[in-house]
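As a plain string of letters, each chain reads:
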Amino acid sequence: MIKNYFKIALRGFAKHKLTFFINLFGLSLGLWAAILIGLWVTSEMNVNKELPEVERVYQMMEHQSYGADIFTTASTPGVLAESMKETLADVEYAATYTWLQNLLFVQGDNRIKLEGLYAMPDFLKVYDYGVVEGDLNSMLTADNHVVLTESGAISLFGRTDVVGEDVEIKGGTDSENFIVQGVIKDFPNSSSLQFDFVLPYSIFFEENDWLEEWGNNGPQTVVRLRDGVDGDKFSASMENYIKDRNEESNVRLFAYPYADYYLHGSWKDGQKVEGRIKNVKLFAMIGIFVLLIACINFMNLSTAKSQKRAKEVGVRKVAGADKGSLVMQFMSESLLITFFSAIFAVLLVEASLPIFNNLTGKLMTVPYGSGFFWLELVGIILCTGVVAGSYPAFYLSATKVVSVFRSFTKAGRGVVMARKGLVLFQFILATILIVSTLVVYQQINFAMNQDLGYAKDQLIQIPLEGELLESFDVFKAELEKNENIESVSRSSFGFLGRNSNTGGVSWEGKDPENAALFEIIRVDYEFLKTAGFELTKGRDFDRVNGADSTSGAILNQTAYELMQKDHEGSEFFRLWEDERAITGVVKDFHFESFRQNVAPAIFLLDPKNTWQGYVKVNTSDIQETVAFIENLGKNMNPEFPFEYSFMDENYARLYREDVRFRDLAQYFSILTIIISCLGLLGLSAHIAEQKTKEIGIRKVLGASTLSILQVINREFILIVFLSILIGSGLAFWVMQDWLNGYQYKISFEWWFIPLAAITIMGVALMTVTLQSLKAANSNPVKAIKSE
């Protein structure tokens, strides 16, 4: 019986080639999009989930209160982990670790930069993905230990059996010898934490006295609780842990599940808000919508062709076929098309996955070896086949035999309305995607092209290491001999987010409600000029005023206004224990994403504590100037590989995820239009076929081609127009919520909707008109002759 169903289905495909092609191609595109998005969603949902005992691992975090504002951060005091291990029985392992750093590793003739961090020994026990070489319990227990990952060991030695090997590590102006104490497995791609090496935290702790104070934050702390400990209760018990050790603290400590931190770890004013999970939900919906649109096309075309198959159904009913067997027949056709589509979809996925990985910044592969993947794929095929074929199957199987043999097989009003409703729905989805893409595109362009308060174009950033750090003045003097170089300076500031900040700022008459977290930026002379900051008040640091380095400071506009609010005309403030004079005020500048308000910032003249060089060039011949800088850097500092980056490219990284969101939304909205128009192509061909005699009679009576086009086009113009109205309203609601995530944002412009409407209406009319012209240019004699 089943074999017979498939034979009949294949004959039907051969007979109705256009319908078969549209259904096959449309479903293939829908499944392709669904599989790609499914891979991405699965990848995002699995981040950090592969960590052993992950349900017991917690990230320690702080809610810091500054007046009415609450700032949430994963930065913690440098002594937190050690204290927790000593005082809390619920904690099995606790480790404090630093931010990622690039250091130069020298082993024989091999000199490479590796990225890693300083961490306590328990770090490797919390993040225990496995050991390749060495004893985990002895790693990081001495100051001369270094632990490498597999890839780090291979990059440096070309092998992994390197325990006991010596390696020289250079950073800044320091150089020390270390012994490789262990090699651990590379963290999987699903881990949000990736590095090449780990050095003992004790080294970093000894070199940074500020880590000893409970009032200072910087590194992060992670804990693994003992089996059976309730994480929520543990987190609640930690609220006053820092306050109990520092009475002046403004911090509420809490523990957050590490497994949820990547997707859900976002807060605003101390309240949980949707983080990355919001984009995951949006793209999961897009994947479902694209597949649903493809299913709608199948349902529409199948019901539209029902008149052609009515006699077949009637004859089979007379021959004794029951409704169940007829439903099975049409469902088998649907499942067969879906199966063929799935094959093409998988081929498309394989061909496009490298491009998709590049767009998403991931290393995804199709898990052919996973039984769960095949189970999911079969489930999608069955679900798609049933959804796409259910309505046609039940509709066609319900055809009355009497109607067939009376030649009365015209689709009822309910069927026609359902068909139009499905077209309406898919174009509503297409409108939402197009309008949303326009809004995202404009917002990202707004952020990328706004005046940031500094000149990022033609500004080159150079990490200062070795001789470049030790002899920066010589490096600067040599650079400024080049006429294409306008200015050179250095700073501790990287422009891309917060680096060093404090709440220890006070001024006369300070209102506790005006407390804030101030960014501290240490600079050399001429930094404001080099970076293009605009002074609105006072002066820049200069060598004539020797006191600038000890008692002067430059504020940004936000910091200055905050102080003036409490004491207008104030020219002094206190930073920690030192009194500082306000020597100048610069226009506000953005060093965080446009999602955040501009934070108050203080510039201090402190050249010895700077490690980023900045070079402002004033030429269109960038390549020649960069080559000059690179040659000079290599000659002065041959021990270190020369590195540089352009600030405009660095700034673009702040919006990397938003740009990916924009690009993906753009491509999937184009795909949605293509699939929707495939459906219109099939339906317009069907309507043109239905109206063959009407069009032939009109032509014989002298109707123009334009009037004949209107006969078919009017079936769709109203539907598409209505879908644009509804879809635009929904898109406005969705995008207003998305834009609310930005502090600096565009308005929802009036022209977004007309542009989307013109795009959709234009493509839809072009699709339908192709079939209309074909019908209008057909021979009227053939159209009206008797069957």
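What counts, and where the lines are drawn
- Residues numbered from 1 in each chain as written.
- Predicted model: local features only at pLDDT ≥ 70, side-chain atom pairs only at ≥ 80, totals over all residues.
- Heavy atoms only, no water.
- Salt bridge = Lys/Arg side-chain N within 4 Å of Asp/Glu carboxyl O.
- Helix = DSSP H or I, 4+ residues; strand = E, 2+ residues; numbered from the N terminus.
- Buried < 20%, exposed > 50% of the residue type's maximum accessible area, 1.4 Å probe, protein only.
- Pairing = 2+ DSSP bridges.
- 1 Å grid on protein atoms, 1.4 Å probe; cavity = no way out; pocket = protein on both sides within 12 Å on 5 of 7 lines; lining within 4 Å.
- Points joined across faces, edges and corners; volume = space filled by probe spheres on them.
- Nonpolar A, V, L, I, M, F, W, Y, C, P; charged D, E, K, R; others polar.
- Lys, Arg positive; Asp, Glu negative; His and termini not counted.
- Polar contact = N/O pair within 3.5 Å; in protein donor to acceptor, adjacent residues only side chain to side chain.
- Contact = heavy atoms within 4.5 Å.

S.K.: How should I be thinking about the pattern of salt bridges in this particular structure?
M.R.: For side chains of opposite charge, pairing can occur when their charged atoms come near one another. In the structure shown here, the tally under the stated rule is 26 salt bridges. Among the ionic pairs, Glu44 bridges to Lys362, the shortest N-O distance being 2.6 Å. One end of the pair, Glu44, is in helix 2 (residues 17-45); the other, Lys362, is in the loop between helix 11 (323-360) and helix 12 (371-397), and 318 residues separate them in sequence. Relative accessible area serves as the criterion here: at 15%, Lys362 is assigned to the buried category. Residue Arg539 pairs with Asp548 through a salt bridge whose shortest N-O separation is 2.9 Å.

S.K.: Teacher, can you tell me more about the pairing of strand 3 (residues 91-97) here?
M.R.: Each regular strand shows side chains that alternate between the opposite faces of the sheet. In terms of residue burial, strand 3 counts as a mostly covered element, since 5 of its 7 residues are buried. With 6 bridges connecting them, strand 3 and strand 11 (residues 220-225) associate as antiparallel partners. If you follow Ala95 over to strand 11, its bridge partner there is Val222.

S.K.: I tried to follow empty space enclosed by the protein on my own but got confused; where do I start?
M.R.: Gaps left between atoms are located by rolling a probe of water-molecule size over the structure's atoms. According to the stated counting rule, one finds 4 cavities of 30 Å³ or more in the structure shown. Volume-wise, the largest cavity comes out at about 60 Å³. Looking at the largest cavity, the residues that line it are Ile462, Pro463, Glu465, Leu468, Gly633, Lys634, Asn637, Phe640, Pro641, Phe642 and Glu643. When contributions to the lining of the largest cavity are tallied by element, the ones reaching two or more residues are strand 15 (459-463) and helix 20 (622-636). Of the residues belonging to the lining of the largest cavity, the class tally is 6 nonpolar, 2 polar and 3 charged.

S.K.: Explain the side chain of Glu519 to me, please; I cannot follow it from the model alone.
M.R.: Mapped onto the elements of the fold, Glu519 is located in strand 19 (residues 518-523). Of the side chains with opposite charge, Arg498 comes closest to the buried, unpaired Glu519, at an N-O distance of 4.0 Å. Among the polar contacts made by the side chain of Glu519, one reaches the main-chain amide nitrogen of Asn499 at a distance of 2.7 Å. Only 3.4 Å separates the side chain of Glu519 from the side chain of Asn501, close enough to count as a polar contact. For Glu519, the contacting residues outside a window of four places in its chain are Arg498, Asn499, Ser500, Asn501, Phe591, Pro600, Ala601 and Ile602.

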